[in-house]
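# Summary of the model geometry
Chain by chain, the residues:
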Amino acid sequence: MIKKQEAVKVLVSRIYPEIGIELLRKEGFKLTTWQEDRPMTQPELIKAARENNALLCTMTENIDKHFLNECKHLDIISQFAVGFDNIDISEATRLGIPVGFTPDVLSEATADVAFGLMIATSRKMFHLHKTISRGEWSYFRPTANLGIDLKDKTLGIFGLGRIGIEMAKRCKGAYNMKIIYCNRTPNKKAEELFDARLVNFNDLLKQSDVISVHCTLTDQTKGLFDRTAFDRMKPTAIFINTARGPVHNEQALTEALRNGSIWGAGLDVTNPEPMHPGNPLLSMENVSVLPHIGSATVETRNKMSRLAAENIIGFYKNMRVPNIVNPETLTNK
Ligand code: GLV
């Protein structure tokens, strides 16, 4: 292990799956773990991080400019997530702090949630489940509880990367859906494998029967699905978001569902999180909401824990962070 004479101290911001924690312990790191179920407030985080050399954190921690400047001594920040919009990456880079993350290992689990939400929404499953517990299941009714078919429909993917391609695979395989996508750059793999076609944002809105959001949250994508966007969608369309809540405007989505601009929505991410239990979306028939569980399987979370630990270990052992957001921070070290 490089530099330090004493054990390197790592602040572990939440209770993470043991597999990565054990790896760090075995390598001789000294861990301080926040034991409460809630995330640390930023002052608590700053206070604790000041006592440590590295930080293992996730999207519940606010790693903004203020935090980074209060904690510029940190050697590395290792994020337990594929998204890192909670971290001011340009400031971390300016300060020379490498930021690790956990891509790839959660793509399939997250696509499963998008795919599941699409089916659940198209058949009103969440709503119908609730009606049974309210004692409202009377008789089989030939014209009641009708959903819509997905076979041969058009899936529009917004942000076609690792997770989007897994969603395309599922929708093509199960329902022979036609795949169109909107992305900064063409995705040749998706075009070859699934006959996916790159379209502009307007065409994505107009042509899709299901829109599934898989982009990162940036200044360009924040609030992109607003009233104008929903108005351009088909009145039979389903909107799925398993990426980040702020990509859609929740008020506009609620209105679009109320006034029939779109047919349904499946959300694994909301804005804010947690969603308030009184949120009107929760009592709509064609809406399915989950509490941000995209990567939440035992296997996937174990893999994320291992990657997050390996990013720290790699940094201290040989100045290599296997999965890094800002590789330029390592070139001068
Ligand atoms: C989950 O939302 C992640 O970014 O890993």
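Data block above holds the structure.
The notes below deal with the structure included here. Small disclaimer: the values here were computed from a predicted structure and weren't measured. (Residues numbered from 1 in each chain as written. Predicted model: local features only at pLDDT ≥ 70, side-chain atom pairs only at ≥ 80, totals over all residues. Heavy atoms only, no water.)

Take the layout of surface pockets next. Approximately 290 Å³ is the volume attributed to the second largest pocket. For the second largest pocket, the full set of lining residues is Leu128, Thr131, Ile132, Glu136, Trp137, Ser138, Tyr139, Phe140, Arg141, Ala144 and Asn145. Residue composition of the lining of the second largest pocket, grouped by class: 6 nonpolar, 3 polar and 2 charged. (1 Å grid on protein atoms, 1.4 Å probe; cavity = no way out; pocket = protein on both sides within 12 Å on 5 of 7 lines; lining within 4 Å. Points joined across faces, edges and corners; volume = space filled by probe spheres on them. Nonpolar A, V, L, I, M, F, W, Y, C, P; charged D, E, K, R; others polar.)

With that out of the way, let us pick up the site of the ligand. Taken together, Met59, Ala81, Val82, Gly83, Leu106, Arg244 and His292 form the complete shell of residues around the ligand. Take valine 82: an N or O atom from its main chain is 2.8 Å from an oxygen atom of the ligand. Between the ligand and arginine 244, the relevant distance is 2.7 Å, taken from an oxygen atom to a side-chain nitrogen or oxygen of the residue. In isolation the ligand has 190 Å² of accessible area, and contact with the protein removes 91% of it. Classifying every residue of the shell around the ligand gives 4 nonpolar, 2 polar and 1 charged. (Near = heavy atom within 4 Å. Polar contact = N/O pair within 3.5 Å; in protein donor to acceptor, adjacent residues only side chain to side chain. Areas by Shrake-Rupley, 256 points an atom, 1.4 Å probe, with all protein chains shown as cover.)

Time to look at the packing of aromatic side chains. Under the definition given, this model contains 11 aromatic pairs. Seen from their ring centres, tyrosine 16 and phenylalanine 80 are 4.8 Å apart, and the 55 degrees between their planes marks the pair as tilted. In this pair, tyrosine 16 is assigned in the loop between strand 1 (9–12) and helix 1 (18–26) and phenylalanine 80 in the loop between strand 4 (76–79) and helix 4 (89–94), connecting sequence segments 64 residues apart. Given the relative accessible area of 7%, tyrosine 16 is considered buried. Taking the centre distance of 5.5 Å and the plane angle of 80 degrees together, the rings of phenylalanine 84 and phenylalanine 101 count as edge-to-face. With phenylalanine 84 in the loop between strand 4 and helix 4 and phenylalanine 101 in the loop between strand 5 (99–100) and helix 5 (107–122), this residue pair connects regions lying 17 residues apart in the sequence. We classify phenylalanine 84 as partly exposed; its relative accessible area is 26%. We classify phenylalanine 101 as buried; its relative accessible area is 11%. (Phe/Tyr/Trp six-rings, centres within 6.5 Å; stacked < 30°, edge-to-face > 60°. Helix = DSSP H or I, 4+ residues; strand = E, 2+ residues; numbered from the N terminus. Buried < 20%, exposed > 50% of the residue type's maximum accessible area, 1.4 Å probe, protein only.)

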